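A structural walkthrough
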Amino acid sequence: MKREVVIIGAGPAGLAAAIEATKNGCEVLLIDENRTAGGQFFKQLHKFFGSQAHSAGIRGFEIGKQLLKETEEIGVEVWLESSVIGIFAGKRVAVLRHGITETIEAQSILICTGGAENPLRFPGWTLPGVMGAGAAQTMVNVNRVLPGKRILMIGSGNVGVIVAYQLLQAGADVVGIVEGMPRIGAYGVHAAKLKRAGVPFFIGHTIAEARGKDHVEEAVIAHFENGKILKGTEQKIDVDTICVAVGLRPLSELAQMAGVKHDFIPELGGFMPIHNENMETSVKDVYVAGDTAGVEEASTAMDEGRLAAVSVSYSLGHLSSQAAEQKKEEIRDRLASLRQGPFGERRMNAKKRVVDMGVNL
Amino acid sequence: MSQIFDVAVIGAGSIGTSCAYYNAKKGARVVLIDAGDIADSTSSRSDGNILVCDKQPGFDAIFAKASQDMFPKLENELEYKIEWTQKGSLYLTETEEEFEIASKFCSDMKECGIQMRMMDHQEVLDDEPYLAKDVYGGLETISDGSVYPIGLAYGFALAAERLGCVLSLHNPVTGIQKEEDYFMIQCKNGDILAKNIVNACGVRAPFIGKMVGLDIPIQARQGQILVSEQTFRVARRKVHEFGYMLTKFQSGSYERPVSERVKRNEVAFVFEPTASNNFLIGSSRSFVGEDIRSEIDVMQALAERAIRFFPVIADIKVIRAYSGLRPFTPDHMPIVSDTPVKGFYIAAGHEGDGIGLSPITGTCMADMIAGDKTFMDLSLLSFQRFCS
Amino acid sequence: MEKKSGIIYDGYPSREEIVTANGWPSEERFAKGPIAIAECVQEIPCNPCEAACPFHAIKIGTPITNTPRIEEDTCTGCGSCIAACSGLAIFVVDKTYSKTEALISFPFEYLPLPEKGDEVEALSRGGEYVCQGTVVRVMNPKRNDHTPVVTLAVPKEHVDHVRTMKRLVLPKPGKGFEPVEPQGVLDDDVIVCRCEEITAGEVRDAIRNKKATTVTEVKRRCRAGMGLCQGRTCGKLVSRILSEELGSAPDTLVGSTDRPPVRPTTFGELAGIKKEV
């Protein structure tokens with residue numbers, strides 16, 4: 001089986017890319033292992049930030065619905081419940097689908113498999129009841145099940161704080177947000193929602209233990225300085241759930257398997273594929289976008305997906321160089337605006353470093 | 001002037017670590033050099049079979065048996081858990097014709113002192129209840145066993161270190177200069193001096209050989225393996241198809257009734273249970289240079305062939321595929337030998353047998369360097385045989 | 001240690017931060033009627049409020065990270081911006097409601113919603129009790145997209161402090177925080193690789209005593225990362241221990257090699273044999 005473009009992962013980046021590439025005339029196959037496309041969109045009940053061009057003010061899942069509708073309208077070929085198990089020599093993508101492994105030969109491959117939550121090791125972290133914040137978010141927002149009644153959140157970044165808010169909305173008690181750094185990581189407006197609801201922040205603290213027999217019954221937190229727990233500052237609290245939100249890392253196993261050069265970029269989540277200004281990697285015709293190309297957010301992911309799609313469309317001869325350049329310019333402007341300000345700057349600079357490396361590949 | 005080692009072993013795979021250990025045991029001052037980690041290449045990408053059943057009757061089988069006989073004591077000797085088990089092995093024959101070839105092989109092997117016996121259809125099914133019901137018969141080898149190959153190399157290396165061997169890892173060799181009565185080995189981290197060198201670099205042995213002007217006829221023969229999840233005991237011991245012998249030695253006129261996919265990837269079924277309750281599925285053979293990427297077509301052929309012999313495997317998960325490079329010589333025999341360059345020895349080219357042959361290879365190499373007589377005549381393993 | 005205050009320490013903005021970033025209406029303006037107050041003090045890339053104002057009273061401009069400023073002469077206090085703010089950080093204050101009471105309108109995304117006339121507890125930015133308030137209005141039109149806006153009447157002197165109300169249904173309270181002795185679990189006994197049940201101590205042993213220097217080398221020596229998940233969970237934990245033990249920067253530590261299949265796949269699925277149902 002052959003396809004011009006195989007896009008792996010139908011989250012924000014993959015959906016936006018599939019739409020853009022199809023509109024430009026590419027023959028696209030969009031693959032996702034989940035039952036529905038949309039990736040993280042359907043967990044995002046909050047209104048997005050950004051400008052109108054980024055669908056700001058609209059709740060994440062509504063943006064997801066809109067993109068899904070568009071993929072249907074323009075007839076993108078989508079394979080769901082299909083897992084890509086590997087990328088092999090000659091740009092062959094092996095897909096496990098309907099109980100059978102099929103191999104598709106692609107002219108271009110776009111990998112947007114997203115990110116994965118970082119684990120945190122502490123005594124008791126393997127007890128049932130300790131889970132990633134993202135997992136808790138899926139439970140509460142997608143499956144409509146509360147992961148617990150009394151919850152301690154570890155990590156005050158946007159993920160921790162947004163998930164904590166949604167858990168509160170769903171009726172759970174969030175007993176506190178623990179942050180190892182001496183300051184809150186999330187956007188202040190997100191933190192302020194929790195403060196108004198009376199949720200305490202424990203900055204300069206960490207989780208010291210999870211206790212319980214077969215399930216989390218208590219959490220112990222303590223002051224944390226210079227990477228160490230201050231003895232004698234331990235406090236316990238009765239909880240049944242501990243959510244861990246200590247960052248995400250790019251999921252790039254497939255890119256590694258395809259031979260893509262990686263580097264360590266801490267601001268974007270650690271080891272990640274290096275790419276150029278067109279989202280192309282060190283392996284010709286293999287592209288990355290979204291969290292796979294460095295952990296950011298859904299709005300940047302969508303635009304990176306579009307940028308990759310435009311580049312692919314041009315390289316396959318579906319767009320003139322002029323039309324492609326014009327589109328790229330618009331997308332890059334939007335991306336630049338999303339990466340402004342004290343929160344975006346670090347990512348902006350890190351992305352510049354990535355692209356500088358990518359250009360010299 | 002820095003010290004001059006008695007022996008520098010280049011290559012810290014199962015063969016190199018064994019050479020280091022047995023030389024150190026004999027009292028030599030040894031340095032073990034590797035470009036990377038212990039067991040960084042073929043030894044970490046192999047199965048752990050310690051077999052005599054897949055050797056050719058004659059010298060090959062006797063040499064392998066001598067090595068195999070060393071394993072039961074090795075774990076204690078090395079003070080390292082190498083996970084040695086000795087449950088024998090089972091060859092399966094698919095057809096009557098294959099059974100006949102195996103029977104002849106069995107009697108030839110018995111003459112070399114290898115304990116083997118033919119098993120009929122019912123015996124084989126009783127022995128391994130999950131086998132496909134149409135398997136024709138089998139051939140059991142009593143003494144075969146297995147180890148954790150990476151652990152074996154660590155065991156040798158760490159035991160060697162306790163005997164004073166210097167481990168110089170992550171230190172690629174860039175050149176070798178022959179001086180009057182020693183070698184100057186140029187490495188990334190500085191020069192190392194040694195009176196003798198053992199080239200135990202497996203598939204890279206030709207690269208090191210070139211540094212002293214030797215042309216070593218070793219080629220990389222790639223093989224791929226699938227690893228299962230931890231699961232129930234599908235088979236109690238190593239099971240493989242007799243066709244393995246036919247693909248290994250590319251001999252005979254017998255054609256196995258297999259699919260195109262199995263045939264083009266030279267896949268022969270090999271099942272090896274591990275101490276951690278996973279199992280490994282092999283085997284494939286191809287000459288693709290030093291490419292160790294997995295190939296989906298081979299993976300699929302391996303899975304297909306495994307299911308043919310053990311249908312229950314179909315529902316068990318594969319968690320990993322990997323491939324390694326066998327150091328292949330034109331006559332399928334290793335090189336365990338001195339060379340025209342005085343003091344420069346080769347212990348390489350064991351194809352798929354490096355793990356099993358490591359103790360005897362290390363022992364022979366130590367004897368050779370010390371000027372002692374080896375336990376049997378090793379002229380069949382000489383480098384000279386390729387120099388005509 | 002000096003107590004630091006402000007949004008990044010307290011989780012809500014100080015009056016100074018608001019005044020500097022967004023401005024604060026003059027008393028003259030308050031005397032004229034309702035007015036919106038933005039409490040969005042950080043430079044984040046977001047501007048839906050600007051377009052949401054029918055009177056163009058909210059200014060962000062370029063760059064998009066500018067903090068919003070509300071022109072007090074143009075703002076009518078209509079409240080269209082409250083639900084349009086993705087950060088729920090705009091409020092409307094009406095100090096002309098009555099002689100003694102003022103109104104505060106705020107976004108409130110919790111069920112059940114209060115009803116007009118309810119007596120509720122009015123809370124501060126920090127979630128603390130300020131005073132009692134009376135619900136005057138609950139607006140939840142479609143265009144708010146599930147962000148209801150509640151208006152409370154509170155004593156005038158408290159209106160600058162009130163920013164929300166206590167949720168009507170609260171989860172059952174627990175025992176709360178109390179000092180405790182640590183159990184003294186040794187970090188060496190904490191599991192790192194869940195699939196193979198390998199502890200931090202075993203990983204350290206591989207590094208200290210068996211010369212492992214990379215994630216792959218640790219894996220080969222002690223099986224951390226060899227299980228079903230293939231190191232997808234523990235890889236990062238192992239590399240953290242490596243960098244602690246070896247004192248090397250994390251960027252020098254290469255992860256273990258990723259190998260197919262990326263998802264566990266049965267032999268049957270791989271072989272392409274359809275299961276007979």
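Residues numbered from 1 in each chain as written. Chains lettered and ligands numbered in written order. Predicted model: local features only at pLDDT ≥ 70, side-chain atom pairs only at ≥ 80, totals over all residues. Heavy atoms only, no water.

Attention now moves to the interface of chain A and chain B. With seven residues of chain A at the contact, the number on the chain B side is six residues. Across the chain A/chain B interface, buried area totals approximately 530 Å², and carbon plus sulfur atoms make up 56% of it. Counting the contacts that link chain A with chain B gives one salt bridge. When the shortest N-O distance is used, the salt bridge between Glu295(B) and Arg92(A) registers 2.6 Å. Linking chain A with chain B are two residue pairs in polar contact (both at pLDDT 80 or more), by the criterion used here. Secondary structure elements with two or more residues in the side of chain A that touches chain B: strand 4 (82-88), strand 5 (92-97) and strand 6 (100-111) of chain A. When its residues are assigned to classes, the side of chain A that touches chain B shows four nonpolar, two polar and one charged. (Contact = heavy atoms within 4.5 Å. Buried area = accessible area lost by both parts, 1.4 Å probe. Salt bridge = Lys/Arg side-chain N within 4 Å of Asp/Glu carboxyl O. Polar contact = N/O pair within 3.5 Å; in protein donor to acceptor, adjacent residues only side chain to side chain. Helix = DSSP H or I, 4+ residues; strand = E, 2+ residues; numbered from the N terminus. Nonpolar A, V, L, I, M, F, W, Y, C, P; charged D, E, K, R; others polar.)

Looking now at the packing of helix 1 (residues 12-23) of chain A against helix 2 (residues 60-73) of chain A. Residues and elements named next belong to chain A. Between helix 1 and helix 2, the shortest axis-to-axis distance is 10 Å and the interhelical angle comes to 30 degrees. Taken together, the axes of helix 1 and helix 2 lie roughly parallel to each other. When you trace helix 1 past helix 2, the crossing you get is left-handed. Residue-level inspection shows Leu15, Ala16, Ile19 and Lys23 of helix 1 in contact with helix 2, the latter providing Leu67, Leu68, Glu70 and Thr71. A per-class count over the contact of helix 1 with helix 2 returns five nonpolar, one polar and two charged. (Axes fitted to C-alpha atoms, helices over the stretch in contact; angles between N-to-C directions. Parallel < 35°, antiparallel > 145°, perpendicular 65-115°, else oblique. Left-handed = near helix turned anticlockwise from the far one by under 90°.)

So, about the interface of chain C and chain A. Facing the 86 residues of chain C at the interface are 74 residues of chain A. Each partner contributes to the roughly 6800 Å² buried at the junction of chain C and chain A, and carbon and sulfur atoms together form 57% of this total. Inspection of the region where chain C meets chain A yields five salt bridges. For Arg121(A), the salt bridge identified is with Asp187(C), shortest N-O distance 2.6 Å. The interface formed by chain C and chain A includes 35 residue pairs in polar contact (both at pLDDT 80 or more). Residue classes in the side of chain C that touches chain A are distributed as 39 nonpolar, 23 polar and 24 charged. The pairing of strand 15 (residues 235-238) of chain A with strand 10 (residues 178-179) of chain C spans two bridges and is antiparallel. (Pairing = 2+ DSSP bridges.)

Overall, mixed pairing links the nine strands, which are arranged 5(B)-6(B)-4(B)-13(B)-14(B)-15(B)-12(B)-16(B)-13(C) in an open sheet. Looking at strand neighbours, the two that pair on one side only are strand 5 (116-120) of chain B together with strand 13 (265-266) of chain C, the edges of this open sheet. Sheet analysis places strand 12 (residues 219-228) of chain B next to strand 16 (residues 317-328) of chain B, joined by 10 bridges and oriented antiparallel. What sits directly across from Arg221(B), in strand 16 of chain B, is Arg326(B). Relative to the sheet, helix 4 (residues 96-111) of chain B contacts strand 4 (89-93), strand 5 and strand 6 (137-141) of chain B, its axis offset from that of strand 5 of chain B by approximately 155 degrees. Helix 10 (residues 296-309) of chain B rests against strand 4, strand 12, strand 13 (238-241), strand 15 (279-282) and strand 16 of chain B of the sheet, and its axis sits at about 60 degrees to strand 12 of chain B.

Before going further, it helps to spend a moment on the packing of aromatic side chains. Going through the model one piece at a time under the given rule, you end up with 27 aromatic pairs over all chains. With a centroid separation of 6.2 Å and an interplanar angle of 65 degrees, the aromatic rings of Phe183(B) and Phe344(B) are classed as edge-to-face. One end of the pair, Phe183(B), is in strand 10 (residues 183-187); the other, Phe344(B), is in strand 18 (residues 344-348), and 161 residues separate them in sequence. Through pairs of rings, three or more aromatic residues link up here, namely Phe269(B), Phe271(B), Phe279(B), Phe309(B), Phe310(B) and Phe267(C). For the cation-ring pair, Arg97(A) lies above Trp79(A), with the distance from its terminal atom to the ring centre recorded as 3.9 Å. (Phe/Tyr/Trp six-rings, centres within 6.5 Å; stacked < 30°, edge-to-face > 60°. Lys NZ or Arg CZ within 6 Å of the ring centre and 35° of its normal.)

What follows deals with unusual backbone geometry. Of note, the amide linkage connecting Gly282(B) to Ser283(B) takes the cis form, showing an omega dihedral of 0 degrees. Mapped onto the fold, Ser283(B) is located in the loop between strand 15 and helix 10. With an omega dihedral of -5 degrees, the bond running from Leu111(C) to Pro112(C) counts as a cis peptide bond. Topologically, Pro112(C) is positioned in the loop between strand 5 (101-107) and strand 6 (119-124). For His98(A), which is not glycine, the phi dihedral falls at a positive 50 degrees. Structurally, His98(A) can be placed in the loop between strand 5 and strand 6. His98(A) gets classed as exposed once you look at its relative accessible area, which sits at 61%. One non-glycine residue, Met279(A), adopts positive backbone phi at about 70 degrees. Turning to its location among the elements, Met279(A) is positioned in the loop between strand 19 (270-273) and strand 20 (286-288). (Buried < 20%, exposed > 50% of the residue type's maximum accessible area, 1.4 Å probe, protein only.)

Per the counting criterion, the structure on display carries 69 salt bridges over all chains. Two residues, Glu140(B) and Arg237(B), come together in a salt bridge whose shortest N-O distance is 2.7 Å. Taken together, the residues span a long stretch of sequence, with Glu140(B) in strand 6 and Arg237(B) in the loop between strand 12 and strand 13 at a distance of 97 residues. Because the salt bridges share partners, they merge into one network encompassing Arg121(A), Asp187(C), Asp188(C), Arg204(C), Arg208(C), Glu244(C) and Glu245(C).

Looking now at helix 6 (residues 149-162) of chain B. Residue and element names in this part refer to chain B. Its 14 residues place the ends of helix 6 20 Å apart at the C-alpha level, agreeing with the 20 Å of an ideal helix rising 1.5 Å per residue. For helix 6, the buried fraction is high: 12 of the 14 residues fall into the buried class. Listed in full, the buried residues belonging to helix 6 are Pro149, Ile150, Gly151, Leu152, Ala153, Tyr154, Gly155, Phe156, Ala157, Leu158, Ala159 and Ala160. Note on helix 6: the residue one or two positions beyond its end, Gly164, has a positive phi of about 100 degrees. (Expected span 1.5 Å × (residues − 1).)

Everything listed is a geometric property; what it means functionally is a separate question.
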